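Reading the structure
Below are the chains, spelled out letter by letter.
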Amino acid sequence: LPYSECTWEDREDISASLSEIDDYHDRMQRLRSTCKGMDAQRQAFLRHKNQALREQPPYLTGGQLRDYQLDGLNWLIYAWA
């Protein structure tokens, strides 16, 4: 989309999505912050009561995940928790 075709939304138009926008800014701030060590990241992950998946979640249907796919899913959970 070229810049000439971009539009800007008024604050009133996006008022229902302000919490999602705040979440986005929080994620961007975490990316800009200095990287913590691996042990500190693990502790933060566990503090939020997250845990790695050991088997395929019931909401994923249509086939069985392979080991590397489950590892990738766990990485996504860990990265965005």
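**Looking at the overall build of the protein chain**
Scanning the protein chain from N- to C-terminus turns up three helices and zero strands. For the protein chain, the sequential pattern of α-helices and β-strands runs α-α-α. Taken over C-alpha atoms, the radius of gyration comes to 18 Å for the protein chain, far larger than the 12 Å a tight globule of 81 residues would show. For the C-alpha atoms alone, the extent of the protein chain along its principal axes is close to 45 × 35 × 25 Å. Across the 81 residues of the protein chain, 7% fall into the buried class. Here the protein chain displays about 7,700 Å² of accessible surface, and carbon together with sulfur accounts for 53% of that area. Positive and negative side-chain charges in the protein chain, numbering 10 and 13 respectively, have mean positions lying 13 Å apart.

Definitions and cut-offs
- Residues numbered from 1 in each chain as written.
- Predicted model: local features only at pLDDT ≥ 70, side-chain atom pairs only at ≥ 80, totals over all residues.
- Heavy atoms only, no water.
- Helix = DSSP H or I, 4+ residues; strand = E, 2+ residues; numbered from the N terminus.
- Rg over C-alpha atoms; globule rule 2.2 N^0.38 Å.
- Buried < 20%, exposed > 50% of the residue type's maximum accessible area, 1.4 Å probe, protein only.
- Areas by Shrake-Rupley, 256 points an atom, 1.4 Å probe, with all protein chains shown as cover.
- Lys, Arg positive; Asp, Glu negative; His and termini not counted.
- Charge placed at Lys NZ, Arg CZ, Asp CG, Glu CD.

Note that all results are geometric; they support no functional claim without further evidence.
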